Amino acid sequence: MDFQLDEDQLALREGVRSFCDGRVPLDSLASFEETAGFDRSLWTELAELGVFNLREPESAGGVGLGTADAVLVFAELGRRVVPGPLVWSHLAAGLVKGAATGETVVGGVEADIEPVLVEHLESLDVLLALRDTGVFRIDPRELEAAAIATPLDPLTPLHHVANLPAGEKIAGPEVAQRLRLEGATLASALLLGIAEATLEMALEYSKQREQFGRPIGSFQAMKHMMADMFVKQEVARAAAYAAGATLDQPSVGDIDRAVGSAKIISSEAALRNSGACIQVHGGMGFTWEVPVHYYLKRSWVLENCFGSIDEHSERVAIALADARE
Amino acid sequence: MDLRYSEKDEEFRADLRTWLEREVPAHGAPPPVNDWPARRAYDTGWQRKLFDAGYAGISWPKEYGGRDGSPTEQLVYYEEIARVNAPYIGVNFVGMLHGGPTLIAEGTPEQKKCHVPQILTGEQVWCQGFSEPGAGSDLAALATRAEVDGDHYVVSGHKIWCSFAQAADYCELLVRTDPEAKSRGITWLIMDMNSPGIEIRPLRTLAGEGEFSEVFLDNVRIPVSNRVGKENDGWRVKEVTFRFERGAAFASDMIHLKQFVSELVDLTRRAPEGPQGWNDRALRRQLGHFSAELDALWAMVKLSVCESSKTGIPGVGASAVKLFYTDLYQRITEFGVRLLGRAALSRDDVAGLPSERILARSMQALSLTIAAGTSQIQRNIISERILGLPREPRPAPPPRPAVES
C-alpha cells in the first residue's frame, strides 16, 4: 500500500493547477456570467490538457491514466470552479465520438430524478440520459425545454424538461451504473477542490483584514473556525482519493461504500467550508462582488448530482443492514 | 495512490487471524473495571501472549523484540484485533503507544535496553505524568521542580490525570529544571513508581471508574541517567510523545467504533416499526452517514500512516485525525443513547436493551475531546502550525501584588 501521490501525480496536479490559475483566475469568474458559463476556446484548451481523454487508453489516443488521477485533476478544476459540463464530457469520452477531444460537448442528466433539469443545454452537442436500463443518447436540439430564468448557480444555466424523450440506447445498465459511480467520484473531487479553495480564501482574507487593531486571523474564534475547515478538507481528501483508488482497484474495498462516503463527506466539506468562508469575510462575504458565493452555489449544484448526501446515506445504511444478514 | 495490501501483508493477516481466533476466546472475559491488580494481570497477560507469538510491537525494531513490520502490517494488525474484539490494550496503553516509541526515538542505548523489551513483554507498565492542577492545556506552566543533587534529580510536585498510575511500574514524567524559562525549562524523566516519596490518590471519573489518579511527589530521587534527551529539552521530546499519542494510537478504537455502528443497526432493526426503529428513514440515514464518516476516517488514517512511514514519526496532521475522530465518537455514542430511549436511565441492561455498553461508551467519549490535548488545543495547533495563522497575543503577566507595609 502506498496511499500517497507519486511523482507523476504531483506533476499532473501541478500542471492542471497552474493552467487553471493562469486561464481561470478568480477575478475572471464573473465574466462567465455573460457567456452562460461556457467558453468554447477554454473547452478546447481543457481537452488539450487531457481533462476529457485522461482515462482513455493510449491506443485510443487517450492519456491512459486511472480514476485516482482523474480525482486529482477534477479537484484542481473545482478549486477554480471551472464552469461547463466537465464530468459528463469526461464520462462520455469512450462513448461519444469527439467528446475526448472536446470537439463534441456532452452533457447529461439522471433521467429518473424529478424535476428533470438539464445543465448547460444550449452549449451541448449531445445529451446523455442515465437510466437503470442503460445509457441513452439524446439530440439536445430536439428537446422541448424551458429555460430557467434564474438558476441558482449563475455559471450553471438550466433548462426544465417536462418530457424527456427516450433517445438512442448506447450502453447497457452495467455501464450506466459504472458512470454513476465514476460521476459521483469526479463530483466529489470537484467538491474537494471547492473545500480547499474556500479555506484558502478565508485564510488569505483573515491574515490581511484587521479589526480591533490586529488581523482577524489572530483571533481564536476565527482560527478555530478555519481549523475545522481544514479538518473537513482533509477528511474529504482522504475519502475522495480512496474512492478513486477503489474504482481503479476494486479488490481493495467495497466500491459503493467508498464512493458513497466520498460524495457525502466532500459535499459537506464544500458546503460547510464555503459557508464558513462567507462568515470569515463578514458583510463583504454576503455580496455578489466577493466570489465565494460562486463556490457555495456550485457546491449546491454538485451535491445534487450523482446522488445527494441523503441518497448516498440511505444506500450505505441498506448496505450495512445487508452485511448483517 | 495504491490501497492494495501486499501479498506479504495478506499472509500476515491470515496467520494473525488464525492465531487470534484461537487465543482471544481462551483469554476469557476482562475483570471488573476497578480491580486494578486483576486488570493489570489480564492486560499484561495478553501482552505476553502477543509477544510470545511475535505480534507485540508490530512496527518496533527487532532488536527490542518487535516485529520490524511495515506500517501496513500495523494497519492489518488493527483491523484484525478489532475484528475479533481482542482484549483492549488497557494498562499497556502508555508504554506501548507513547512511552516505548518515545524511548526508541530519543532514549539512550541503556534506557532502551532497560525498558523497551520489558514494555513489549508486558513486564513493565507505564503511566503518564505530564499534567498538573495548574498546567493542563497550558502544559508549559508546569511547576513540579527537579533539582540536581549529585547524580540524581530530586523531584517535588503534584501531577494529575495520571492514567494507569495505580498499576504502573514507571512514569514518563515532565519536570521543571529551569524555573526562569517556560517551555525551555522542562525535562523528560523516567520515574520508577516504586521510589520513596510517591503517593497515589485515585480519582473517580463521572463514569464511576478510577482509571486515573493524582500523584504527589515529595523529594523523589531520580537518577540523572533516567533523563530522556538533554536537560531543558523535554518540551521537544514531549512533542514526539504527543504525535504518537495523537496519531495511530486511536486506530484500533476507530475500528471498534465501526462495529458499534453495526450493533446500532442491529438494535434498530429489532423493532423496525418503533420510534427508534429501522423503518424511520431519518434514523436509517443517520446510521448510513456515520458509517460513511467512519470509512472516510479510516482512509484518513491510511493516508497519514503512509505519509509518516517516510519520517517514522506521525506528522502534525495527526491533530486533524484526532479532532475528527473524537467528535465523531461523541456524535455516534450520543445517537446510541437516543436509540435506547428510557432504557438509557439504567446503566444495567434492561428489557433486553444493551444499556450498559452504550452508556459506558457515551460517558467514556466525553474524555476523548479532553485527553491527549483538548480539541481546542488541537485547533490551535492546526491553525498556527499548519495554516500559519498568527499566534494569539499572550496577555501581559499580572502586576505583582503591592507589598503591604
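Scroll up to find the structure.
Residues numbered from 1 in each chain as written. Chains lettered and ligands numbered in written order. Predicted model: local features only at pLDDT ≥ 70, side-chain atom pairs only at ≥ 80, totals over all residues. Heavy atoms only, no water.

### Examining the packing of helix 6 (residues 220-248) of chain A against helix 9 (residues 318-340) of chain B
Orientation of helix 6 of chain A relative to helix 9 of chain B, taken along the N-to-C sense of each, is 90°, at an axis distance of 10 Å. By the angle class used here, helix 6 of chain A and helix 9 of chain B are roughly perpendicular. Two secondary-structure elements touch here, helix 6 of chain A through A:Asp228, A:Phe230, A:Val231 and A:Val235 and helix 9 of chain B through B:Ala320, B:Leu323 and B:Phe324. Looking at the contact of helix 6 of chain A with helix 9 of chain B residue by residue, the class counts come to 6 nonpolar, no polar and 1 charged. (Axes fitted to C-alpha atoms, helices over the stretch in contact; angles between N-to-C directions. Helix = DSSP H or I, 4+ residues; strand = E, 2+ residues; numbered from the N terminus. Parallel < 35°, antiparallel > 145°, perpendicular 65-115°, else oblique. Contact = heavy atoms within 4.5 Å. Nonpolar A, V, L, I, M, F, W, Y, C, P; charged D, E, K, R; others polar.)

### Quick word on the interface of chain B and chain A
Facing the 49 residues of chain B at the interface are 51 residues of chain A. Across the chain B/chain A interface, buried area totals approximately 4600 Å², and carbon plus sulfur atoms make up 66% of it. For the interface between chain B and chain A, the tally reads 9 salt bridges. Residue B:Arg285 is joined to A:Glu314 by a salt bridge in which the shortest nitrogen-to-oxygen separation is 3.2 Å. Scanning the region where chain B abuts chain A turns up 22 residue pairs in polar contact (both at pLDDT 80 or more). Where the side of chain B that touches chain A is concerned, the elements lending two or more residues are helix 3 (71-83), helix 7 (251-270), helix 8 (281-311), helix 9 and helix 11 (375-386) of chain B. Ranked by the residues each element gives to the side of chain B that touches chain A, the list is headed by helix 8 of chain B, at 18 residues. Its residues assigned to classes, the side of chain B that touches chain A comprises 23 nonpolar, 9 polar and 17 charged. (Buried area = accessible area lost by both parts, 1.4 Å probe. Salt bridge = Lys/Arg side-chain N within 4 Å of Asp/Glu carboxyl O. Polar contact = N/O pair within 3.5 Å; in protein donor to acceptor, adjacent residues only side chain to side chain.)

### Quick look at the environment of B:Glu10
Residue and element names in this part refer to chain B. On the secondary structure map, Glu10 appears in helix 1 (residues 7-27). Here Glu10 falls in the partly exposed class, since its relative accessible area comes to 35%. Residues Glu10 and Val76, 66 residues apart in the sequence, show an inter-C-alpha distance of 8.1 Å. A distance of 2.8 Å separates a polar atom in the side chain of Glu10 from a polar atom in the side chain of Arg13. (Buried < 20%, exposed > 50% of the residue type's maximum accessible area, 1.4 Å probe, protein only.)

### What about helix 2 (residues 36-52) of chain B?
All names here are of chain B. Taking 1.5 Å per residue as the helical rise, helix 2 with its 17 residues ought to reach 24 Å, and the 24 Å between its terminal C-alpha atoms agrees with that figure. If you check which residues of helix 2 are buried, you get Trp36, Arg39, Tyr42, Asp43, Thr44, Trp46, Gln47 and Leu50. Downstream of helix 2 by one or two residues, Gly54 has phi in the positive range, about 85°. (Expected span 1.5 Å × (residues − 1).)

### Comments concerning the pairing of strand 3 (residues 152-163) of chain B
Side-chain positions along a regular strand alternate between the two faces of the sheet. Residues and elements named next belong to chain B. Sheet analysis places strand 2 (residues 145-149) next to strand 3, joined by 5 bridges and oriented antiparallel. Looking at strand 3, one finds that Ala146 is bridged to Val155. Between the end of strand 2 and the start of strand 3, which pair antiparallel, lie 2 residues, with Gly150 showing a positive phi angle near 65°. Pairing of strand 3 with strand 7 (residues 212-223) involves 9 bridges; the strand directions are antiparallel. Of the residues in strand 7, the one forming a bridge with Gly157 is Leu217. (Pairing = 2+ DSSP bridges.)

### A word on the pattern of salt bridges
Taken as a whole and judged by the stated rule, the model has 51 salt bridges over all chains. B:Arg379 is paired through a salt bridge with A:Asp228; the nearest N and O atoms lie 2.7 Å apart. You can see B:Arg379 sitting in helix 11 and its partner A:Asp228 sitting in helix 6, one on each of two chains. Here B:Arg379 falls in the buried class, since its relative accessible area comes to 17%. Looking at A:Asp228, the relative accessible area reads 30%, which means it is partly exposed. The residue B:Glu384 makes a salt bridge to B:Arg391 at a minimum N-O spacing of 3.7 Å. Look at the salt bridges and you will find they share partners, linking A:Arg17, A:Glu76, A:Arg79, A:Glu196, A:Glu200, A:Glu234 and A:Arg237 into a network.

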